[in-house]
Each structure stands twice: as structure tokens, then as C-alpha cells.
Amino acid sequence: MRLAGTVHYERKRIVVDGRARLLLSGEVHYFRLRREEWQDRLDKAKRAGLNTIATYIPWLWHELPDATVDVDGRTRPERDLGAFLDLCHANDFYVIARPGPFVMAELKNEGLPFRLYTEHPEVVPSGWDGAPAPTRTVDYLAPAFLAEARSWYRQVLPVIAARLRGNGGPVIAVQLDNEVGMLAWLHNSPDLTDGLLADFNSWLGEHGLAGRYAGPVTRSVKDEHAAALMRDLGTFMRHRFARYLTELRAYAEESGITGVPFVVNVHGTEGGRAETFPIGISQLMESYAGAPGMMSGTDLYLGELTVTNAADLYLVNAFCEAVHDADQPLASMEFEAGTGDYGCDLSRQHDPSAVDLKTRMCLAQGNKLLNYYLFTGGVNPPLDVPAGDGNDRIAFTGERHGFAAPVDPEGRLNPVYEPTTRVLRAARALAPRLAAMREEHDEVAVGFVPDLYLTEYHYPGSESVQRVLDDVVGTRGAGPRGILARAMLLGGFRFGAVNLQAGVPSVPVLALAGTTHLPAAVQATVVEYLRGGGRLLLAGRVPALDMTGEPCTVLRDALGLSPLGTVRASARFFPSVTAHGWAAPRPETRTGFAELYEPAAGDVVLRELSTGHGCGFDIQVGAGNAVVLSTDYECDLGLWRAAFAGLGATPALSHTAPVPGVVLLTSTDDAGGRIMHALNTSGYEQGLTISEHGRPLLGGQTLRLPGRRALMLPLDLSLGGLDVVHATAEAVGVEDGAVTFRALTPDAIVALRGDLTCGDPMTEVRRRDGLTVVAARSPGEFTVTRARPGSRSR
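Residues numbered from 1 in each chain as written. Predicted model: local features only at pLDDT ≥ 70, side-chain atom pairs only at ≥ 80, totals over all residues. Heavy atoms only, no water.

Further remarks concern unusual backbone geometry. Across residues other than glycine, the phi torsion is negative in most instances, and most of the peptide bonds are trans. The omega angle of the peptide bond from glycine 100 to proline 101 is 15 degrees, so this bond is cis rather than trans. Within the fold, proline 101 resides in the loop between β6 (94-98) and α4 (115-119). Residue proline 585 is bonded to the preceding alanine 584 through a cis peptide linkage, with omega at -5 degrees. If you trace the backbone, proline 585 turns up in the loop between β20 (576-579) and β21 (589-590). Phi at aspartate 392 takes a positive value of approximately 55 degrees, unusual for a residue other than glycine. As for its position among the elements, aspartate 392 is in the loop between β12 (378-379) and β13 (400-401). For aspartate 392, a relative accessible area of 24% puts it in the partly exposed group. (Helix = DSSP H or I, 4+ residues; strand = E, 2+ residues; numbered from the N terminus. Buried < 20%, exposed > 50% of the residue type's maximum accessible area, 1.4 Å probe, protein only.)

Written out as C-alpha cells, the structure is:
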């Protein structure tokens, strides 16, 4: 164990002062608050249950018109960065510092000083066909930008370095830049400066790829080269981002930042869904995956967690984990905390369950840091020199900022503050145990293919590019229409993910979303996996091309499938499939498409109705077995469970909930203590019993979950010195010899070993077989304590 005063991560845990910690953080922008307001906002963060404060440190705000930097408050008290960090420390908060250079946060120039663009025009990129960049991005590796970034770090980081945990201060992590690569991706406008193009062409030559193109690559592309360029440019930028973040880390270390992790935040959710999120992982994984002292943190904006998108969040965490090493923990640097009314136009308002359910799923999957973003609002101060841009403030959101946050710009509590506080209370009660826990999985994993997400830079109007996009977008990762992942999660599986570009997986059963385009190396890996005894469920299209559009049928050939054509739905044609073998009996089922094949061997389990040809197969491959569903079959949980059961995978946990939407996850620690995370993502109240490997859990007690509510339930877990065998109420307070529980429904119970008592009139205490069972008579909270010698419980 390392000495106190150090911060590191190991075995998926964040260790501070020698102890694993669960970091519950809130983003507080000191520069958007009057200095006299800082204490009030920290008080509200403390009251909510947070133990960490994160903040951007904007270069744009601290640099003065003469290009000097004020971080000690000599020009404005709010610029005294050290004072804010010291105040956090005095209030017993840890701090995560986020000094850019880019910080975004709706700041102008994404937080960079205006002068950079006029003094160094060579850092400003052009996009496709020489079009001006639609954002204020720059070429990260342009020498002039790196020199300016290094100068900024040299002026701001000593303030942070003096307050690192190892120096007796509160700072336990430093984030490098922010959302690297996001701006160019979102606008499909790569940073094509002259310097970057020269670097790219050299890279193509070094990797033997220059021959793909008729001469040096420029900003204009022929269609015949566009698909290959999409992949090559994405791969090159993956390396380039890693080089940039390596430079920033070196600058930080030379300015005294040592002994704490460096964080890279990963972007990618869009419109309440996460289909695009792995683009961010693909872009940035080489920057942190397996790099000592580096860790990733997600940006998660999914709105409400529902039956529709619960699997999206689950896959985000699983895919992040798939590229981590054995020590790197899961974390979220921007964990959506607000009401959803980000435009202050009442166009959206999230249900109170949104923050609750998302928090619980992330804790269940092993996240050790959640930074609630944005936790407090504030006011955008004026620029020192007016820009003549309409508001002349540091940000484009107007005077007020963060109106949807739990604490609004004026310091008032928004409606989302209370549900945030409620879930944080439960998290804090279990924090010492959650900090050292890991998620338990069934013997199945989803295949993650990072190169399927090299689609962020695609030449406009290219037909070859569009064919790739039409194939992979909406299918990669989660399966057609997201059904594969949704069926697995709602069907009861607790699953991880494996990076199929990192070698042959060892998981017994592999689920893979099938796309026509799949890298040749990945196809070969899957074939090797099958021939070695692996079991595969391939859902979607059967791969026939590599990512550049060249023919590649390695996997299809191994499966022994001969193509007979594809039927697709249209306004006048309605493909349907029939079930056979283990898939039967089932009614005819409408599908959007069906790829038809003649198998060389094996059983046909689905047939397209109009042709009678197969679109579902059970095939032996070497020592392994594959179930191939080459259609977008509906989310029939029974069929998907049957498909996995045929491969030898069944969920260890089963339940009797009448309506789809209940998710049961479990986490465990080295001592064997466990927590069951029961989430009801549907809007309907559910009564269910739960079994594990066919044996009743929770003493056979019915668990009642109101719609869109969740519980963290101890299973053989010691809390406050009390041994909780099982419970259908969750712990919300733990002290030595006493645990407070919250019952959502009047029939909740807690079973504990030994002689314990509860004096609350809302409960009934019974003893049997060495257990004390406390039963709630009504919803609410009650406290169980050790029985005093000679006392008698009711």
C-alpha cells in the first residue's frame, strides 16, 4: 500500500491516502461566481452529499489583455485560483483541476484567448475542399499552439501543484485538455492545416498506405479513395491525439504535477442515445489505454434512462472498460446533473428519476468517480476587452449560465437538487464498500471493434463513404436498432465487452453485432475464436467487406454460408420470417431486412417467408458453435434467451417481473460481500421474486419496485458492524453499530444476523434461525441497531 498523501489507481479502484475512495463530485465554476458566493455553493454541494469539487480553469478568463496571466486575483478577486482551491480544502473537499487548454463549457473560443487566432493564423485549420473550419478549433500539434499551451501551463499549474494531495492539498487529479477531437468530428471538418496534411502524407508513406491514393492526399478527395481515406485519416488522428496528450502530460509534469492521475475525458452521446459514443473511445483510447497514470472519464448526456436507452449507458461503460488495463477504473467527468432545460425555453424537463437511475447503473458497473455536471450555475463575466459579438461576455449563453443545474445561477435550489441528494445519500452510505467493488458478469460478452467507429471524418457527397455509413451506423456495437444489447440487458444478462482488436477473447460466449464491413483482422480473430471452441452469436449482417470496401469473406467462409441475396422492407414489401428448430414455435415476425444464405451445414432456425430461404442458422465451426441471425429480429426476449441458451449462456439471475424494464446487476468485493442493484426502467410498478442459479434470493421475499425507481440491496454485506443477510430496503446511513434503511414500499424487510433491534413504530421485529428480521409497515426510513444487553425488542 502506498503512503498517505498519494493518489493512484489500482485494480479498478481510486486510492487516496491509502484507501479506496468513491469520488462523488460536483462541477463548480468559481469564475462564474462572485468570490463571496463560493462558500454558499460549497455548502450546498456538501449538503447534497458530494465529497469532491471539479472545475474548469479557463485560459480565456485568466489571461489579461496584455497577454499576462492573473491566477492570484490581483485584477479581480474571482481570478484567485489558489483561494478557491484552498476554500475547497478547508471544506474537506477533494478537487479535480481541469486547466485545458481547451475547456469548452460554452465559453467563446472554447476557452482559448482571442489573440491566439490572430497571432498564429497557421494553427487555424481548413476542412474539406478548403472550407473554413466552422468551429474555433485549432491544430493541436501546430508548434505555435504547443508553445502557447506550454506557456499557459507554466503559469497556471504551479498554483495547482502547490496544492496536490502529496503536498498536503486537495487536488487528487488533473484533466488534460477537454473533449479532444470532438469539434472536428461533430462538424465533419477535420483539422486540415498544411502542417497536418504534410504529417499525414508522411504517415501514409511510413505505413505503406500511400499507394492507395493517386499522389499526396489533399483537402479534396476522389470518391474511389474516400472510404479508405475515412479509415486512414481516423487512424492517423487517433495517433495524433495521443501525441498531443502525451505532450500536455510532459508540460504538466515539468510544472510540478506528479503523484496524481491524469484524466482524459471521452465525448460522444447525442440526442439521448449513445450509438456514437464509441467514436470518442476510438479517437482517444491510444491516449490513455494501458498508459500508467492515465485514466479516462466519460461525458454522459442521455436524459432520462428508459427501456429505450438503458442498454446504451450499459454499453458505454462496458466498451470503456474493454480498452482499459487491469488497473484503470471507470469514471465520468461530465455526468449529466440538470433538469434538461439547457436552453431555458422549457422545451425539455427530465423526470426526477433521470439522475437517480443513471447514477445507480454507473455505480453498479464499477464507476469510481462521478462528476455531476453542471452542479451550480453562475454568471458569465464580461470580457476585459469587448469583442463586439453581441454580448461581450466570456461565454455565448448570455449573462446567466447553468440555469438547469441543481443549484441555479442565483444559488436557488432547482427541483433536481432533491433527487440528486436522495441518490447521493444512498451512494454515500455504501461508498466504503462500492469503492472496492467490481461488477459481476455472466459468461457472455459483447464484441467491441474500435475501427468500426472510424467514421468521424467522411468526405461529403461520397457514395463509397455513404455505403459504409449506411451499413455500420445504427448497427455496430448494439446490433440492428440496438436490439442485441437491449435484449441482453433486459433479458437478464450482466455482461462486459471485449476489444476484438486486442486478440482472441477468452470469454465463453461472444455476442457480436454483424456489419457488412468488418476489418479483415477482426474477422480472422473471430474465426480463430470459433475454431478454438468459442461460441458466437452474430446478429445483423454477415461480414463481406473490410473497412475500405474491399471484399473480405473470411468469417462468412468459415461459417459455410453462401449468399442468396437480401430482402428489404419498402412501402410495398413487408419481409417476414418464420421460426424453426429451437426458435419455434413463434408467430411470423416482420423484419426490416433479411440476408438470405444457403448453409453448407448446420440447422436453419429462421426462414424468410416469401422465399423460404434461411436467415437464421445454428452452425458448428471447428470446436466451436455459432448462431447467426442475419436479420433485424424484434426484441423478443424469449427468442434471444433461447439463442444464448443454445450456446450455453443463461443469466444467473432470473426474476418474475411482468413488464420488461427491470435490470438486475450485482457487484462484489474481495471479502465476498455483494450489492444487488435493482433498477426499474419502465414506468410501471413491478412486483418480482428473484432467483440466482435457480435458488431464491432475498429469502424468497417479493421485491416491489415503483415505476422508474431503483434500490441498492445488500447481500451478505457487513455495514457498520452489522451483518446484513439480505434486504428489500436500501441503506441510506451507516454508523458504527447502526444502519438506517429506506423502504420504498410497506412490505420491505431487512434480515440481519444476530440480536438486533429497531425502535421505530413503522416496523415490526421478528427473530428466527439466528436472524433478526425487521419488516416495514409503511414506506419511510428506520434504523436498526445492536440490541443492548438485557433489552427486549418488540
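After presenting the structure, the write-up continues.
So, on to the pattern of salt bridges. Side chains bearing opposite charge may pair, as long as their charged atoms lie close to each other. Within this structure, the stated rule accounts for 58 salt bridges. Of the charged contacts, one joins aspartate 139 and arginine 240 as a salt bridge, the two residues approaching to 2.8 Å between their closest N and O atoms. Note that aspartate 139 is positioned in the loop between α4 and α5 (143-161) and arginine 240 in helix α8 (residues 223-254), a separation of 101 residues in sequence. The buried category is assigned to arginine 240, whose relative accessible area is 5%. With its nearest N and O atoms 2.8 Å apart, the salt bridge here joins arginine 767 to aspartate 755. Placement of arginine 767 in strand β40 (residues 763-768) and of aspartate 755 in the loop between β38 (749-753) and β39 (756-757) is noted, with a sequence separation of twelve residues between them. A relative accessible area of 47% places aspartate 755 in the partly exposed class. A single salt-bridge network, built from bridges that share partners, covers Arg34, Glu36, Glu37, Asp40, Arg41 and Lys44. (Salt bridge = Lys/Arg side-chain N within 4 Å of Asp/Glu carboxyl O.)

With that settled, the discussion passes to the pairing of strand β27 (residues 662-668). Extensive coverage of β27 is indicated by the burial of seven of its seven residues. On β27, burial covers both faces: Val662, Leu664, Thr666 and Thr668 on one face and Val663, Leu665 and Ser667 on the other are all buried. Sheet analysis places strand β14 (residues 438-439) next to β27, joined by two bridges and oriented antiparallel. Bridging across to β27, glutamate 439 finds its partner in serine 667. Here β27 hands over to strand β28 (residues 674-680) after five residues, with glycine 672 in that stretch at a positive phi of 90 degrees. (Pairing = 2+ DSSP bridges.)

Moving on, we come to the nonpolar core. Ranked by size, the top nonpolar core spans 258 residues in total, and within it Phe145, Ile160 and Phe782 carry the most contacts. The leading source of residues in this core is α8, at 14 residues. The residues contacting phenylalanine 782, other than those within four sequence positions of it, are Ala729, Val739, Thr740, Phe741, Ala743, Val750, Cys758, Asp760, Met762, Thr763, Val774 and Ala776. (Core = buried A, V, L, I, M, F, W, Y, C linked by side-chain atoms within 4.5 Å. Contact = heavy atoms within 4.5 Å.)

Pairing is antiparallel in the open sheet, where four strands are placed in the order β36-β37-β42-β39. Edge positions in the sheet fall to β36 (730-735) and β39, since each has one partner strand and no second. Pairing geometry for β39 and strand β42 (residues 780-786), over two bridges, is antiparallel. Bridge assignment links leucine 756 to a residue of β42, and that residue is arginine 786. Docked against the sheet, helix α12 (residues 417-434) engages β36, β37 (738-743) and β42, running at close to 55 degrees with respect to β36. (Axes fitted to C-alpha atoms, helices over the stretch in contact; angles between N-to-C directions.)

For serine 610, the position within the fold is in the loop between β23 (603-608) and β24 (614-621). Taking the C-alpha atoms as reference, serine 610 lies 65 Å from tyrosine 251; in sequence the two are 359 residues apart. A polar contact of 2.8 Å, which involves the side chain of serine 610, links it to the side chain of glutamate 608. (Polar contact = N/O pair within 3.5 Å; in protein donor to acceptor, adjacent residues only side chain to side chain.)

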